[in-house]
Amino acid sequence: MTYLKDLFTSKSEKQPHRTLEGLSGVDGLLNGLIIEKKIPGLAITVLKKGGVIFQKGYGYADVEKRIKVDPKRTIFRIASVSKNIAATALAQMVKDGVIDLDASIYDYVPYFPRKEYDFTIRQLASHTAGIRGYKGKEYGLNEPFSIKDSLRIFKNDDLLFKPGTDYHYNSYDWVLVSLAMQEASGVPFGDYVQEKVLEPFGLTHTFGEGSESGAIEMTDGNNDHLATFYSRRKSGFYKAMPVNNTYKLAGGGYLSTSDDMAKFGQVYLKKEILHDAVFSEFITTEKINGKATYYGLGWQVSEDKKGRPYFGHVGNGVGGYSNLFIYPNEQMVFSILTNCTNPRIQDVLDASVDIFLADSQ
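Residues numbered from 1 in each chain as written. Predicted model: local features only at pLDDT ≥ 70, side-chain atom pairs only at ≥ 80, totals over all residues. Heavy atoms only, no water.

> Quick one: what's the story with the sheet that holds strand β1 (residues 41-48), residue by residue and with numbers?
Pairing is antiparallel across the open sheet formed by seven strands, whose spatial order is β3-β2-β1-β15-β14-β13-β12. Two strands close off the open sheet at either side, each with one partner strand: β3 (67-68) and β12 (300-303). Bridge count between β1 and strand β15 (residues 332-338): seven bridges; the pairing is antiparallel. When the sheet's bridge partners are listed, alanine 43 is paired in β15 with leucine 337. Docked against the sheet, helix α9 (residues 258-267) engages β1, β2 (51-62), β14 (320-327) and β15, running at close to 30 degrees with respect to β1. Where helix α12 (residues 346-360) meets the sheet, its contacts fall on β1, β2, β13 (309-317), β14 and β15, and the angle it forms with β14 comes to roughly 25 degrees. (Pairing = 2+ DSSP bridges. Helix = DSSP H or I, 4+ residues; strand = E, 2+ residues; numbered from the N terminus. Contact = heavy atoms within 4.5 Å. Axes fitted to C-alpha atoms, helices over the stretch in contact; angles between N-to-C directions.)

And the structure:
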């Protein structure tokens, strides 16, 4: 067994399931998002010390067909929470000595056009390399690019700043990281993630968009349902524009259930990984001139409004919005997925998380 598989299969402390009556405030907040037509559907899973204390689906995975959200079965776009998956694969590659975080990108991708400054894998993973973000319609690109082919989008652009001197969040950083991982290992990025993360973690309902494993996952009779992806206007929901996220698996191309993402987050609360020298480096904020960026390597690392430390990610993609928050002190994991582009509901999600945290004390 691999290091991660051994880790995941160790026993976890179980908590009794909490009744909805004790969490009526959360239920009202989330159900209100459906009633007010802020989102078509939402799935939430909350764990404490490895046990499910709350899990529920709200609204519809498919509005037209009236298919209800099931937190164990409904598959959403997880958008930038994909970076957490990719970062886990990168950490495993570092542990195995296959890739060096402080090596130049050109050690692994020598054909990437030379820039004014060199930059490292670490700088890419922490968004301090100076690579630009989306321009124009790139956010909703619908081209069947491979990871390598997609370099054409941004490879000829100058860096925004000297690497290591500033922070600029973008998904192209992780396109380059995933390409470096492919070149270093000789294994396609998606296959490496499947072998080193998805299988060891037991994430049987998680896959990359466009992957063969994804097609199998939804047609093998297990009753999983891929959510319909929506956007919203004043008149209501409409199907989101078609996009192809295959080339940016690492930055925003994975799909999953809230149940699987909570399971993924729970692995990071086990002491074997939380205190592992390599993995802990990934969930520690980087600093520029002594000031925290509130971002590690593929992970947002911050404190909430009440000063409670957490790590995880918020994701916003075409037809999907996601939260994965891991609170190490409280031993809690929050996984919240919706099937709507940029629904502007983070304040409600934050309020819901706060109620759980307060209730757990």
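Right, picking up where we left off after that structure.
> Please provide a residue-by-residue account of unusual backbone geometry, values included.
What you tend to see is this: most non-glycine residues have negative phi, and most peptide bonds are trans. Phi is positive for asparagine 289, which is not a glycine, with a value near 55 degrees. Position of asparagine 289 relative to the elements: it lies in the loop between β10 (287-288) and β11 (291-292). Positive phi values are uncommon outside glycine, yet asparagine 342 reaches one of about 35 degrees. Looking at the secondary structure, you find asparagine 342 in the loop between β15 and α12. Looking at asparagine 342, the relative accessible area reads 30%, which means it is partly exposed. (Buried < 20%, exposed > 50% of the residue type's maximum accessible area, 1.4 Å probe, protein only.)

> Can you lay out the side chain of threonine 206 for me, pointing to particular residues and giving the numbers?
You can see threonine 206 is positioned in the loop between α6 (189-201) and β5 (207-208). Of the polar contacts made by the side chain of threonine 206, one reaches the side chain of serine 256; its length is 2.6 Å. Beyond its immediate stretch of four places on either side in the chain, threonine 206 contacts Ile85, Leu198, Tyr254, Leu255, Ser256, Asp260 and Met261. (Polar contact = N/O pair within 3.5 Å; in protein donor to acceptor, adjacent residues only side chain to side chain.)

> Describe helix α3 (residues 82-95), and please don't skip the residues or the numbers.
Look at α3: 20 Å from first C-alpha to last across 14 residues, which is about the 20 Å you get at 1.5 Å a residue. Within α3, 13 of the 14 residues are buried, which leaves the element mostly enclosed by the surrounding structure. The first or second residue beyond α3 is glycine 97, which carries a positive phi of 75 degrees. (Expected span 1.5 Å × (residues − 1).)

> I'd like a description of the pairing of β2, backed by residues and values.
Where β1 and β2 come together, eight bridges link them in antiparallel fashion. Across the sheet, the residue bridging to threonine 45 is glutamine 55, located in β2. Remark: two residues form the turn of the hairpin made by β1 and β2, two consecutive strands paired antiparallel; lysine 49 in that turn has positive phi of roughly 50 degrees. As paired strands, β2 and β3 are joined by two bridges and run antiparallel to one another.

> Go over the environment of tyrosine 167, please, and point to the residues and values.
Along the chain, tyrosine 167 turns up in the loop between α4 (121-125) and α5 (172-185). Under the relative-accessibility criterion, tyrosine 167 is labelled partly exposed at 27%. Distance in space between the C-alpha atoms of tyrosine 167 and histidine 127 is 5.7 Å, their sequence separation being 40 residues. Contact partners of tyrosine 167, with chain neighbours within four places excluded, come to Ser126, His127, Thr128, Phe161, Ile288, Thr293 and Tyr295.

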